[in-house]
Amino acid sequence: MPLRRRWRVACLIETSNAYGRGLLEGIVDFVQEHEAWSIYLPEQGRGAQPPEWLRTWRGDGVIARIENAEVAACVAACDLPAIDVSAARLIPDAPWVETNDEAFADLAFAHLEERGFRSFAFVGDDTFNWSRWRGHAFAQRVHAAGHSFRHIDVRAVSQTGSWDAQQNHLAAWINELPRPTGIWASYDILAQQLLDACRRVDVAVPEEVAVLGTDNDELLCRLSDPPLSSVIPDTRRTGHLAAQLLEARMQGRHVETRVHRVSPLGVHTRQSTDVLAVEDAMVADALRFIREQASGGIGVADVLARTKLSRRVFEARFRRVVGRSPHEELLRVRMARIKTLLIETELSVAQIAECVGYVHVEYLSAQFTREVGVPPSVFRGRHRQAVG
């Protein structure tokens, strides 16, 4: 029998961010499930010029993030089957696979509204179609629910000069927002900038302003302070679908020249939106104090000392707004921190106890088992087994 042909495929997709790497993982998944391809993957950043070798390359197909005229011209000149995984639409007759931006907006709005926010804002970059589409869809959701909405385009902010000038401009915009406000950023780096701007004007995140990113870049989200909540795109499915469409085209089958949209997986909730939006300034301050100091071994008396109220009046007011007592909130924050350390670090339970303010590891283990239902070691084992 004749040997099956190995397709030669160029992937012009950046490896410098989580979204691009996710697309490549999806392509790899497809190739492993089907026939092997010879993949040509140049090292490049987003929006980079096309590699010189592509102009004379004799391959079979291309999957590309076509985000500038040079890449568009080069891919078109190859005269090969191509799938576009960018929203720029610089080759209108190429099938393209993109995010379902309305579904992203649905998730972002629901995530913030269910936390009690009634004031919303969007930070986008109108350089990109997908950012404009997300902002438009988000504004529609907010207005339909009867809430207030504000928007800023960082493309305009970037014209204000130096990095510090840009951040000060963004901080001034944040300072004008009502409290509390839930902000959605069209990608994670913008959300990081927002967090920095909030620090500049001493705006508490998430109590006064909650910040939600997009793309769930694990490294960026965990490096953020506080750790960044983010909408999770289904990048592997997007890459897999792009590879599936390309193989059909390389085999001579018809593929419609239209957009194939992929919905997000959900929201990864981290500290930047882990809050119940409250307008009571005293309760908001207490929540911020608990979030920042819970791992230092504080108790309800320490929280009460920040107010001029009696314990009975303070606890009644706190419970009315939050739905939990101060003690229950302290315990919730500590348990969340313990879970994070169990999942994301190799620290022993004794070391975690020290990090979270427990004098005795036995007390931590007993309290964790009572609240979560399993001992810390079992919780860690189950999570890692599920991930594997």
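A. Geometry of the packing of helix 10 (residues 281-293) against helix 12 (residues 311-322). Interaxial distance between helix 10 and helix 12 falls to 10 Å at its minimum, and their mutual angle equals 85°. With respect to helix 12, the element helix 10 is oriented roughly perpendicular. Seen from helix 10, the contacting residues are Met-282, Val-283, Ala-286, Leu-287 and Ile-290; seen from helix 12, they are Phe-314, Arg-317, Phe-318, Val-321 and Val-322. Along the lines of polarity and charge, the residues of the contact of helix 10 with helix 12 split into 9 nonpolar, no polar and 1 charged.

B. Examining the packing of aromatic side chains more closely. Inspection of every chain in the model, using the stated rule, returns 16 aromatic pairs. Consider the rings of Trp-96 and Trp-133, whose centres lie 6.4 Å apart with planes at 45°: the pair is tilted. Of this pair, Trp-96 sits in strand 5 (residues 96-99) while Trp-133 sits in helix 4 (residues 129-144); the two residues are 37 residues apart in sequence, bridging distant segments of the chain. Chaining the aromatic ring pairs together yields one cluster made of Phe-109, Phe-120, Phe-122, Phe-138, Phe-149 and Trp-184. Lying over the aromatic face of Phe-104, Arg-134 brings its terminal NZ or CZ to 4.5 Å of the ring centre.

C. Examining the nonpolar core more closely. In terms of nonpolar packing, the biggest core is built from 28 residues, with Val-123, Trp-173, Ile-174, Ile-183, Leu-194, Val-209 and Val-211 touching the most fellow members. Elements supplying a minimum of two residues to this core: strand 6 (119-124), helix 5 (154-157), helix 6 (163-175), strand 8 (181-185), helix 7 (188-200) and strand 9 (209-214). With 6 residues, the single largest contributor to this core is helix 7. In contact with Val-209, other than residues within four places in its own chain, are Ile-174, Thr-181, Ile-183, Cys-198, Val-203 and Ala-204. One finds Val-31, Trp-37, Ala-242 and Ala-248 within the second-largest nonpolar core, a separate group that totals 24 residues.

D. Geometry of helix 10. Over its 13 residues, helix 10 runs 18 Å from end to end, which matches the ideal 18 Å to within 8%, given 1.5 Å per residue. Every buried residue of helix 10 is accounted for by Met-282, Val-283, Ala-284, Ala-286, Leu-287, Phe-289, Ile-290 and Arg-291. In the core, the buried residues of helix 10 are packed alongside helix 11 (300-304), helix 12 and helix 13 (326-344).

E. Structural view of the side chain of Ser-230. Within the secondary structure, Ser-230 is located in strand 10 (residues 229-232). At 2.7 Å, the side chain of Ser-230 forms a polar contact with the side chain of Asp-188. From its side chain, Ser-230 meets the backbone nitrogen of Thr-214 in a polar contact 3.2 Å long. Ignoring sequence-local partners within four residues, the contact set of Ser-230 consists of Asp-188, Leu-212, Gly-213, Thr-214, Asp-215, Asn-216, Cys-221, Gly-266, Val-267, His-268 and Arg-270.

F. Examining the sheet that holds strand 6 more closely. Pairing is mixed across the open sheet formed by 6 strands, whose spatial order is 7-6-8-9-10-12. Pairing within the sheet leaves two strands with one partner each, and these edge strands are strand 7 (148-153) and strand 12 (266-268). When strand polarity is set aside, the average angle formed by the axes of neighbouring strands in this sheet is 25°. In this sheet, strand 7 lies alongside strand 6 in parallel orientation, the contact comprising 6 bridges. By the bridge assignment, Ser-119 is partnered in strand 7 with Ser-148. Sheet strands touched by helix 4: strand 6, strand 7, strand 8 and strand 9. Its angle to strand 6, the strand with the most contacts, is close to 170°. Packed on one face of the sheet, helix 6 meets strand 6, strand 7, strand 8 and strand 9 and runs near 175° to strand 7.

G. Region of interest: the environment of Asp-217. Within the secondary structure, Asp-217 sits in the loop between strand 9 and helix 8 (218-223). Using a relative accessible area of 9% as the deciding quantity, one classes Asp-217 as buried. Separated by 14 residues in the primary sequence, Asp-217 and Val-231 have C-alpha atoms spaced 9.6 Å apart. The residues contacting Asp-217, other than those within four sequence positions of it, are Asn-17, Ala-18, Arg-21 and Asp-188.

H. Region of interest: the pattern of salt bridges. Within the structure shown, the criterion is met by 30 salt bridges. Measuring nitrogen to oxygen at the nearest pair gives 2.9 Å for the salt bridge that ties Arg-291 to Glu-207. Of the two residues, Arg-291 is situated in helix 10 and Glu-207 in the loop between helix 7 and strand 9; the sequence distance between them amounts to 84 residues. Of the residues examined, Glu-207 reaches a relative accessible area of 5% and is grouped as buried. Through salt bridges with shared partners, one network takes in Asp-202, Glu-207, Arg-288, Arg-291 and Glu-292.

I. Examining the side chain of Asp-101 more closely. Mapped onto the secondary structure, Asp-101 falls in helix 3 (residues 101-113). Here the side chain of Asp-101 touches Thr-99 through a polar contact of 2.8 Å, side chain to side chain. There is a polar contact of 2.7 Å between the side chain of Asp-101 and the side chain of Arg-134.

J. How the structure looks around helix 3. Taking 1.5 Å as the rise per residue, helix 3 with 13 residues should run 18 Å; its terminal C-alpha atoms sit 18 Å apart, in good agreement. Those residues of helix 3 that fall on the buried side of the exposure criterion are Asp-101, Ala-103, Phe-104, Ala-105, Ala-108, Phe-109, His-111 and Leu-112.

Calculation notes
Residues numbered from 1 in each chain as written. Predicted model: local features only at pLDDT ≥ 70, side-chain atom pairs only at ≥ 80, totals over all residues. Heavy atoms only, no water. Axes fitted to C-alpha atoms, helices over the stretch in contact; angles between N-to-C directions. Helix = DSSP H or I, 4+ residues; strand = E, 2+ residues; numbered from the N terminus. Parallel < 35°, antiparallel > 145°, perpendicular 65-115°, else oblique. Contact = heavy atoms within 4.5 Å. Nonpolar A, V, L, I, M, F, W, Y, C, P; charged D, E, K, R; others polar. Phe/Tyr/Trp six-rings, centres within 6.5 Å; stacked < 30°, edge-to-face > 60°. Lys NZ or Arg CZ within 6 Å of the ring centre and 35° of its normal. Core = buried A, V, L, I, M, F, W, Y, C linked by side-chain atoms within 4.5 Å. Buried < 20%, exposed > 50% of the residue type's maximum accessible area, 1.4 Å probe, protein only. Expected span 1.5 Å × (residues − 1). Polar contact = N/O pair within 3.5 Å; in protein donor to acceptor, adjacent residues only side chain to side chain. Pairing = 2+ DSSP bridges. Salt bridge = Lys/Arg side-chain N within 4 Å of Asp/Glu carboxyl O.

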